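# An overview of the molecular structure
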Amino acid sequence: MFDKQRYGRLKWACRRGMLELDVLFMPFAETGFLELSEEKQLSFERLLTFDDPDLYAWFMGHQECKDQEMKDMIEHILSRVKV
């Protein structure tokens, strides 16, 4: 599903405006993304469409994500990436 070009765009989208998000997304995209099922890969791609302030609040636990699919992906990323 993710050819080289699409995967490259996804990795570029992992570069955020906040260092705190960069250190979560970049390692995950390079080490955990390709191990995901196609459905989970699409979830991660969708997660990257959210705004940085929302992502930051969800990942840092300041706010709860109401979207269960995104909440599951956030928990998965946090379990995989050690910061």
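First, a word on scope: everything that follows refers to the structure included in this document. Keep in mind that this is a model prediction, so the values were computed, not measured. (Residues numbered from 1 in each chain as written. Predicted model: local features only at pLDDT ≥ 70, side-chain atom pairs only at ≥ 80, totals over all residues. Heavy atoms only, no water.)

### Focus on the nonpolar core
- Counting 23 residues, the largest nonpolar core has Phe-25, Phe-44, Leu-47, Phe-59 and Ile-77 as the members making the most contacts within it.
- Elements with a contribution of two residues or more to this core: helix 1 (4-13), helix 2 (19-31), helix 3 (38-47), helix 4 (52-59) and helix 5 (68-80).
- Looking at this core element by element, the count peaks at five residues for helix 2.
- For Leu-47, the contacting residues outside a window of four places in its chain are Phe-25, Leu-55, Phe-59, Met-70, Met-73, Ile-74 and Ile-77. (Core = buried A, V, L, I, M, F, W, Y, C linked by side-chain atoms within 4.5 Å. Buried < 20%, exposed > 50% of the residue type's maximum accessible area, 1.4 Å probe, protein only. Helix = DSSP H or I, 4+ residues; strand = E, 2+ residues; numbered from the N terminus. Contact = heavy atoms within 4.5 Å.)

### Some words on the packing of helix 2 against helix 4
- Between helix 2 and helix 4, whose axes approach to 10 Å, the crossing angle comes to 70°. In this view, helix 2 runs roughly perpendicular relative to helix 4, as classed from their interaxial angle. For the pair formed by helix 2 and helix 4, the contact residues are Glu-20, Leu-21, Leu-24 and Phe-25 on the first element and Asp-52, Leu-55, Tyr-56 and Phe-59 on the second.
- Looking at the contact of helix 2 with helix 4, its residues break down into six nonpolar, no polar and two charged. (Axes fitted to C-alpha atoms, helices over the stretch in contact; angles between N-to-C directions. Parallel < 35°, antiparallel > 145°, perpendicular 65-115°, else oblique. Nonpolar A, V, L, I, M, F, W, Y, C, P; charged D, E, K, R; others polar.)

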